[in-house]
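# Architecture at a glance
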Amino acid sequence: MTMTMDRPHGPVERHDVERQVRALQRRYASAVDGKRLDEWLSLFAAECSYVVITRENVERGLPLALVFDDSSDRIHDRVVYIEEVWKGHINDYRQRHLLSDPEIVADDDGIRIRQGFAVYISEPSVAGSRLLTTGEYEDEVAFVDGEPRFREKRVILDADVLPRYFVYPL
Amino acid sequence: MTMTMDRPHGPVERHDVERQVRALQRRYASAVDGKRLDEWLSLFAAECSYVVITRENVERGLPLALVFDDSSDRIHDRVVYIEEVWKGHINDYRQRHLLSDPEIVADDDGIRIRQGFAVYISEPSVAGSRLLTTGEYEDEVAFVDGEPRFREKRVILDADVLPRYFVYPL
Amino acid sequence: MTMTMDRPHGPVERHDVERQVRALQRRYASAVDGKRLDEWLSLFAAECSYVVITRENVERGLPLALVFDDSSDRIHDRVVYIEEVWKGHINDYRQRHLLSDPEIVADDDGIRIRQGFAVYISEPSVAGSRLLTTGEYEDEVAFVDGEPRFREKRVILDADVLPRYFVYPL
């Protein structure tokens, strides 16, 4: 794992980091919405975590999370569960992410991102699409062989409870 | 019709294409949300198509589409229908597009775009706004006299059925 | 208050203005969604206004607005109301903005922005999040000591009536 950035950053370099962060988040959203979970996995660094937690619990300092995959192995297991264990036993749906502009802080320790999002779902037996959740990403990204990868993907949900269970990564 | 792009593209040129694509999609959304359908028409190339189809039908390889305007004439006809035939006979509404970041592939054949979207509507007799649909654009753009224009606007809906009929272009 | 822009603008300068406008709107959304209202205040110029009005009233030329804070003092008062008077007496909620790409016109008089938005809310006793409103910003921005600030923040709602009262700035 190599960090390719050093302080201070000029405007051109900053623009380039922003472009790469946007592309990473777009690929992330495209991979999970398209249910291409191997591609999703490929966006994480070797040491990584994927967490889904409510804003309420973050603010109260409660560690209770809906998802707490604190290693690459657990994130791999999640894909196996989705694709092999749960498949055929769940009410399936399509997913659609919309993201807001990212707020990016880049320094020697890496790149930290805050970015709002909304996820909509479409279910086979229901007319129209509906909102599954809104929230904010608080991510940490590192450059691995020149490519940005998630060291931490932290999905913070605005609501305390979602209107239905979710299957695919948010 | 002139293609102003040749492979390979440097980062500056790529940035410029992205800026123009974003501006085109923003104008598209602004024109349809503002019901300025002549402006909407002006964003298409001479040879063009406008298609609305469900993801379900795309995946199954079914050609059945909600809208299949496969020529400039048909797209013009659509505007006449909306502005002269349907007007006063439909339950009208306002429309609001939100778009995700575009994924752009530019080569000698033109520019292909994939871009997620959500469309909300507001109806006179209903409190608040609601989601009409989410989906993805799979568009093809060419440069005509230096300006980007749609050769194909392909609107792929996430849901199989929408919660109400739609009148304005998506 | 200093205007740092002169016509004509080259592409680099234009890119820089767009970047600053995006950052301003992102900070605005982050401040109101995070209920950091002092930060929200700090994004306005000394002479400023904050208006929330329905599209219907704009189109009919009716001056009736949901919010009409036509001076910095009134905007300050709003914060006092939200943080000291209403607090504990309202049904509270979390807010989440998503913004579309801005349309920016910059000339000697300043910078004018049109930008679509959606605001979602999450309420403690309700499962999931829901749409509060969609609409469009029609803002005017000036550079104050080199930083972009709102001279006018004009929030135009697509719906005539919202599904519930709103407390925090839109």
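Below is a short write-up of the structure. (Residues numbered from 1 in each chain as written. Chains lettered and ligands numbered in written order. Predicted model: local features only at pLDDT ≥ 70, side-chain atom pairs only at ≥ 80, totals over all residues. Heavy atoms only, no water.)

### Remarks on the overall build of chain A
Looking only at helices and strands, one finds four helices and seven strands in chain A. Each helix (α) and strand (β) of chain A, taken in turn from the N terminus, gives the series α-α-β-α-β-α-β-β-β-β-β. At 16 Å, chain A has a C-alpha radius of gyration in line with the 15 Å of a compact globule built from 170 residues. Along the first, second and third principal axes, the C-alpha atoms of chain A reach 55 × 30 × 30 Å. Scored against the burial criterion, the 170 residues of chain A give a buried share of 51%. Of all intrachain contacts in chain A linking residues separated by at least 6 positions in sequence, the fraction that spans at least 24 positions is 60%. Per element, the accessible surface of chain A, about 7900 Å² overall, is 49% carbon and sulfur. Of the side chains in chain A, 23 bear a positive and 32 a negative charge, and the two mean positions are spaced by 5 Å. (Helix = DSSP H or I, 4+ residues; strand = E, 2+ residues; numbered from the N terminus. Rg over C-alpha atoms; globule rule 2.2 N^0.38 Å. Buried < 20%, exposed > 50% of the residue type's maximum accessible area, 1.4 Å probe, protein only. Contact = heavy atoms within 4.5 Å. Areas by Shrake-Rupley, 256 points an atom, 1.4 Å probe, with all protein chains shown as cover. Lys, Arg positive; Asp, Glu negative; His and termini not counted. Charge placed at Lys NZ, Arg CZ, Asp CG, Glu CD.)

### Quick notes on the relation of the copies chain A and chain B
Superposition of chain A onto chain B requires a rotation of 120° combined with a translation of 0.0 Å along the rotation axis, giving an RMSD of 0.0 Å. This pairing of chains is accounted for by a three-fold axis. (Least-squares fit on C-alpha atoms with pLDDT ≥ 70 in both.)

### Here's the deal with unusual backbone geometry
Peptide bonds are, in most cases, trans, and in most cases residues other than glycine have a negative phi. Residues and elements named next belong to chain A. Residues other than glycine seldom take positive phi values, yet Lys 35 does so here, at roughly 60°. Along the chain, the position of Lys 35 falls in the loop between α1 (11-33) and α2 (37-41). When its relative accessible area of 31% is taken as the criterion, Lys 35 is described as partly exposed.

### What about the interface of chain A and chain B?
Between chain A and chain B, the contact holds 16 residues from the first and 26 residues from the second. Each partner contributes to the roughly 1700 Å² buried at the junction of chain A and chain B, and carbon and sulfur atoms together form 47% of this total. Sorting the residues of chain A by area buried against chain B places Arg26(A), Arg94(A) and Arg96(A) first, and these three jointly supply 37% of that buried surface. The closest approach of N and O atoms between Asp158(B) and Arg96(A), which form a salt bridge, is 2.9 Å. For the side of chain A that touches chain B, the elements supplying multiple residues, two or more each, are α1, β3 (94-99), β5 (110-122) and β6 (129-144) of chain A. The greatest single-element share of the side of chain A that touches chain B, amounting to five residues, is contributed by α1(A). The residue makeup of the side of chain A that touches chain B, split by class, is four nonpolar, six polar and six charged. (Buried area = accessible area lost by both parts, 1.4 Å probe. Salt bridge = Lys/Arg side-chain N within 4 Å of Asp/Glu carboxyl O. Nonpolar A, V, L, I, M, F, W, Y, C, P; charged D, E, K, R; others polar.)

### As for the interface of chain C and chain B
Listed as interface residues are 26 residues of chain C and, on the opposing side, 16 residues of chain B. For the pair chain C and chain B, the summed buried surface comes to about 1700 Å²; carbon and sulfur atoms form 47% of the total. Sorting the residues of chain C by area buried against chain B places Asp101(C), Leu131(C) and Asp158(C) first, and these three jointly supply 27% of that buried surface. Scanning the region where chain C abuts chain B turns up four salt bridges. The interface formed by chain C and chain B contains ten residue pairs in polar contact (both at pLDDT 80 or more). Of all the elements in the fold, those that place two or more residues in the side of chain C that touches chain B are α1 (11-33), α3 (55-60), β3 (94-99), β5 (110-122) and β6 (129-144) of chain C. For the side of chain C that touches chain B, the per-class residue count stands at eleven nonpolar, five polar and ten charged. (Polar contact = N/O pair within 3.5 Å; in protein donor to acceptor, adjacent residues only side chain to side chain.)

### Considerations on the relation of the copies chain C and chain B
Once chain C is rotated about the relating axis by 120° and shifted along it by 0.0 Å, it coincides with chain B to within an RMSD of 0.0 Å. With a heterologous cut-off of 20% or less, the 15% of interface residues of chain C that recur at the interface of chain B puts this contact in the heterologous class.

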